[in-house]
Amino acid sequence: MGASDPEVAPWARGGAAGMAGAGAGAGARGGAAAGVEARARDPPPAHRAHPRHPRPAAQPSARRMDSANGGLGSGDNAPTTEALFVALGAGVTALSHPLLYVKLLIQVGHEPMPPTLGTNVLGRKVLYLPSFFTYAKYIVQVDGKIGLFRGLSPRLMSNALSTVTRGSMKKVFPPDEIEQVSNKDDMKTSLRKVVKETSYEMMMQCVSRMLAHPLHVISMRCMVQFVGREAKYSGVLSSIGKIFKEEGLLGFFVGLIPHLLGDVVFLWGCNLLAHFINAYLVDDSVSDTPGGLGNDQNPGSQFSQALAIRSYTKFVMGIAVSMLTYPFLLVGDLMAVNNCGLQAGLPPYSPVFKSWIHCWKYLSMQGQLFRGSSLLFRRVSSGSCFALE
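This structure is a prediction, so every number in the text was calculated from the model and none was measured.

Visitor: Quick one: what's the story with helix H4 (residues 132-143), residue by residue and with numbers?
Guide: Taking 1.5 Å of rise per residue, the 12 residues of H4 would be expected to cover 16 Å, and the 16 Å separating its terminal C-alpha atoms lies within 8% of that figure. All of the buried residues along H4 are Phe132, Tyr135, Ala136, Ile139 and Asp143. The arc that holds every buried residue of H4, seen down its axis, measures 100 degrees, which confines them to one face. Every exposed residue of H4 that faces more than 90 degrees away from the buried side is listed here: Phe133, Lys137 and Gln141. Two residues or fewer past H4, glycine 144 is found with a positive phi of approximately 80 degrees.

Visitor: Tell me about the pattern of salt bridges, and name the residues and values.
Guide: Taken as a whole, this structure holds seven salt bridges when the rule is applied. In this structure, aspartate 143 and arginine 150 form a salt bridge, with 2.7 Å as the shortest nitrogen-oxygen distance. A salt bridge links glutamate 201 to arginine 166; the shortest N-O distance between them is 2.4 Å. With glutamate 201 in helix H6 (residues 187-228) and arginine 166 in helix H5 (residues 152-172), this residue pair connects regions lying 35 residues apart in the sequence. Grouping residues by exposure puts glutamate 201 and arginine 166 together as buried. Within the structure, one salt-bridge network assembled from shared partners comprises Asp143, Arg150 and Arg229.

Visitor: I'd love a proper account of a nonpolar patch on the surface, names of residues and values included.
Guide: Together, Tyr312, Phe315, Val316, Ile319 and Met323 line one region of the surface with nonpolar side chains, adding up to about 530 Å² of accessible area. Relative to the assigned elements, isoleucine 319 resides in helix H9 (residues 304-324). Residue isoleucine 319 is classed as partly exposed on the basis of its relative accessible area of 40%.

Visitor: Lay out unusual backbone geometry with the relevant residues and their values.
Guide: Here proline 347 and proline 348 are connected by a cis peptide whose omega angle stands at 10 degrees. The residue proline 348 is located in the loop between helix H10 (326-337) and helix H11 (356-366) in this model. Residues other than glycine seldom take positive phi values, yet arginine 229 does so here, at roughly 60 degrees. If you trace the backbone, arginine 229 turns up in the loop between H6 and helix H7 (236-247).

Visitor: Which residues make up the packing of aromatic side chains, and what are the values?
Guide: Summed over all chains, the structure comprises seven aromatic pairs. Here phenylalanine 132 and phenylalanine 133 contribute two aromatic rings whose centre-to-centre distance is 5.2 Å and whose plane-to-plane angle is 70 degrees, an arrangement assigned as edge-to-face. Accessibility expressed as a relative area gives 14% for phenylalanine 132, which makes it buried. For the pair tryptophan 356 and tryptophan 360, a centre-to-centre distance of 6.4 Å together with 80 degrees between the ring planes defines the contact as edge-to-face. Remark: tryptophan 360 and tryptophan 356 occur in helix H11; sequence separation between them is four residues, near one turn of the helix. What makes tryptophan 356 partly exposed here is its relative accessible area of 21%.

Visitor: Break down the sheet that holds strand S3 (residues 125-129) for me, citing the residues and quoting the values.
Guide: Spatially, S2-S3-S4 is the arrangement adopted by the three strands of the open sheet, whose pairing is antiparallel. Unpaired on one side and paired on the other, strand S2 (116-119) and strand S4 (378-379) mark the two borders of the sheet.

Visitor: Talk me through the nonpolar core; I want residue IDs and the actual numbers.
Guide: Ranked by internal contacts, the top residues of the largest apolar core, which has 43 residues, are Val108 and Ile139. Listed by contribution, the elements that provide at least two residues to this core are helix H3 (78-107), H4, H6, H7, H10 and H11. Within the second largest apolar cluster, five residues are counted, among which are Phe266, Cys270, Ala274 and Met317.

Thresholds applied
Residues numbered from 1 in each chain as written. Predicted model: local features only at pLDDT ≥ 70, side-chain atom pairs only at ≥ 80, totals over all residues. Heavy atoms only, no water. Helix = DSSP H or I, 4+ residues; strand = E, 2+ residues; numbered from the N terminus. Expected span 1.5 Å × (residues − 1). Buried < 20%, exposed > 50% of the residue type's maximum accessible area, 1.4 Å probe, protein only. Arc of directions from axis to C-beta. Salt bridge = Lys/Arg side-chain N within 4 Å of Asp/Glu carboxyl O. Patch = residues over 30% accessible without salt bridge, like charges linked within 9 Å, V, L, I, M, F, W, Y side chains within 5 Å. Areas by Shrake-Rupley, 256 points an atom, 1.4 Å probe, with all protein chains shown as cover. Phe/Tyr/Trp six-rings, centres within 6.5 Å; stacked < 30°, edge-to-face > 60°. Pairing = 2+ DSSP bridges. Core = buried A, V, L, I, M, F, W, Y, C linked by side-chain atoms within 4.5 Å.

Interpretation in functional terms is not warranted from these geometric data alone.
Rendered as structure tokens:
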């Protein structure tokens, strides 16, 4: 997804977050996948229990059972579950770090290898820049295999802090009052529930993003030191001291606004699009039984195909929206390294931007708002990079 975590993304931004790139972060922005979980649909009112087949007694919800029995994510098991999520997130972050590292170097315009001549699908000759694999091989030649993990430590800390923050917020502001969307709801009622759920998810994403952003800035700056072979930012604590001394408190939050905007647009766009598609385009009459009818033993069988379609709608919408929000991820990452004393954030790689809006306008004029969104087939275009070595 993107060079941003917590991806939402929520691929990053997840759904992304951002995507290729976006996500940023989507990225990542994600991871991401952020947003509302796919909800199980209730059987239609027409399929009432037959008097000879009384309906079983209502079962307590999973959330109530968790609270009563110390289930997953509650009671005595809550710390263990949270630690498990942190550990799993750290593993995924470490495995995906080389991908994010190469993407960031491409985003700042570092192209150390010349393009090669190739042909496109129409048979026309075009210039292609190195793919992710070629770029990664070059990094290994310069820094060794360990060089692919430059800047990983602050990124791991950033993701862990984001996970812990979201878990703590769920305890302080439990989502117990959020109503689940049901197929019995009319359009106005179901939309109200989606808005309520998305607002809750947006609150958690924004708070976790703000708390983890200083570590994200440090991680970005550690990685782009590859461009000028600097060693200004090494450890997390020393980097915190340098940023505070040179830029003050605001230095830890450069690039935060475009990341927040990307997260918000991703969440609302993904959830609302998925809701309207599921409401208007998915036909509940689709059946997996002959004649389109269910039966007394399985009255909800006719909805299984509709449920399957709905379960994939959010995933597909996450990919589509993360592509549209990628420019927010790109601008946020560029602002995090701009004018910080590193070669990658200074001319000729990049102008000194006055604000993230200035950065956006500059990239737009250069036709580079999606730079770094593709890591496999990268064609050379006008203004494709700030500097070509």
